[in-house]
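# Architecture at a glance
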Amino acid sequence: MKRNYPPDFTYADFAKDFTAEFFNPDEWADIFKASGSRNVQTGDLAAAIRNRTDIKFGTYYCLSEWLNPLYLKDKASNFTTQNYVKTKTMPDLYELVRNYKPDIVWADMVDDMGPSSYWTAKEFLAWLFNESPVKDTVVTNDRWGPDCKCKHGSYKTCTDKFNPGVLQKFKWENCMTIDKGSWGYRRNANLEAYLTIHQIISTFASTISCGGNMLMNVGPTKYGKIMPIFEERLRQFGQWLKVNGEGVYSTVPWSHQNDTVTKYTWYTKRQMEKEGTVVYVFLLSWPADTVFKLGAPIPSQQTEVSMLGYPDKFDWKAGPGGQGIYITIPTIPWNKLPCEWAWVLRLTHISN
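Residues numbered from 1 in each chain as written. Predicted model: local features only at pLDDT ≥ 70, side-chain atom pairs only at ≥ 80, totals over all residues. Heavy atoms only, no water.

For the chain, the name recorded in an unreviewed UniProt entry is alpha-L-fucosidase, with Mytilus edulis as its organism. Recorded in UniProt for the chain, the comment headed Sequence similarities (unreviewed entry) runs: "Belongs to the glycosyl hydrolase 29 family." The heading Function (unreviewed entry) in the UniProt record of the chain holds the text "Alpha-L-fucosidase is responsible for hydrolyzing the alpha-1,6-linked fucose joined to the reducing-end N-acetylglucosamine of the carbohydrate moieties of glycoproteins." (UniProt positions renumbered as here; feature names shortened; annotations may be inferred.)

### Considerations on helix α3 (residues 69-76)
Capping the start of α3 is the job of one residue whose side-chain oxygen sits 2.9 Å from the backbone nitrogen of Leu70: Asn68. With its phi angle positive at about 60 degrees, Asn78 sits one or two positions after the end of α3. (Polar contact = N/O pair within 3.5 Å; in protein donor to acceptor, adjacent residues only side chain to side chain. Helix = DSSP H or I, 4+ residues; strand = E, 2+ residues; numbered from the N terminus.)

### A look at the packing of aromatic side chains
As enumerated under the stated definition, the model contains 27 aromatic pairs in all. Through successive ring pairs, a cluster of aromatic residues spans Tyr71, Phe79, Tyr84, Tyr118 and Trp119. Positioned above the aromatic ring of Tyr249 is the side chain of Arg38, whose terminal nitrogen or guanidinium carbon lies 3.6 Å from the ring centre. The ring of Phe170 carries the charged tip of Lys156 above its face, separated from the ring centre by 4.2 Å. (Phe/Tyr/Trp six-rings, centres within 6.5 Å; stacked < 30°, edge-to-face > 60°. Lys NZ or Arg CZ within 6 Å of the ring centre and 35° of its normal.)

### As for the pairing of strand β2 (residues 56-62)
For β2, the tally of buried residues reaches five of seven residues, placing the bulk of the element in the interior. Bridge count for strand β1 (residues 39-41) against β2 is three bridges, and the pairing is parallel. Each bridged residue has a counterpart across the sheet, and for Val40 the counterpart in β2 is Phe57. (Buried < 20%, exposed > 50% of the residue type's maximum accessible area, 1.4 Å probe, protein only. Pairing = 2+ DSSP bridges.)

### Observations concerning the state of the cysteines
Disulfide: a covalent bond connecting the sulfur atoms of a pair of cysteines. Evaluated as defined, the whole model comprises one disulfide. Here Cys150 pairs with Cys158 through a disulfide, and the sulfurs are 1.9 Å apart. Across the S-S bond linking Cys150 and Cys158, the dihedral sits near 70 degrees, which makes this disulfide right-handed. (Disulfide = S-S within 2.5 Å.)

### Points about the nonpolar core
Ranked by size, the top nonpolar core spans 66 residues in total, and within it Phe32 and Trp240 carry the most contacts. Every residue in contact with Phe32, bar those within four places of it in the chain, is listed here: Ser37, Val40, Leu45, Ile49, Ile55, Val218, Ile226 and Leu234. Within the second largest apolar cluster, 24 residues are counted, among which are Tyr61, Leu63, Phe79 and Val134. (Core = buried A, V, L, I, M, F, W, Y, C linked by side-chain atoms within 4.5 Å. Contact = heavy atoms within 4.5 Å.)

Right under this line is the structure:
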């Protein structure tokens, strides 16, 4: 601030710079559709998302504001007054739901202060789930006060970039950013500040194998554009999902989340009528040997092994004592690989 703005420049002065003259909701909708996303959270984009895609539409709302004078007064009273909530937060939320009819209401807080009773969260959520125009379809997260966080919600977000690496007993979400250092757009960010597509897919695989969703944040510019590096990452992710979506959409966690023998390997599963338990194996690096050893799956005589996006079956044999599976990885020319960054094996008729 001291280096780039005048001495008397305030937070409120940024408002005049938010011009959004290049904002094109159809362009945004097309980018999000290409990413393979199943839900999007943003503002006036609602019509474009619903007209051009089958993506679920959600709205983000931050309950507290660092510098709002009404909030600061309530905070100074140790949250014994509710002027900010009654005149700002709750009128906004009711209007947001009535006007945009979101499938997701994603609440947030800048400082994790003020109990849920101060925010009148119970009253709002009772209306949302019982009387609102989206009462039969809406879901919410858990950030309605520090006493709610990681405890109550349709799903739990707990902390930013929450990724426990083990199966949880509740539905959860890993809300993360492509820019490692910011939830917004940074004009001074360098290339190293952004996650590579391999890092994004690795985070995604570990998230879904443990029962989570992943919320991937991109920060638009003040003039309403999604920068090319964000667009590239989203489109790359969508390309990968076109090949490997079978191992992602409508799957559930398996009995094992990662392998007992081979590192950087994650699992999901689905139950099929003809193929029994189908286990999907996410390989985050290409096997160094021609025989790829997995310790967790127990194959049956009917087991078949293939790679999503590749036409041929792979040879395999059971591990010692029938525990695990040893898969022969064929020599595949680089231009025949189904994708570039990570690969998904499909194992049918698995016994465990």
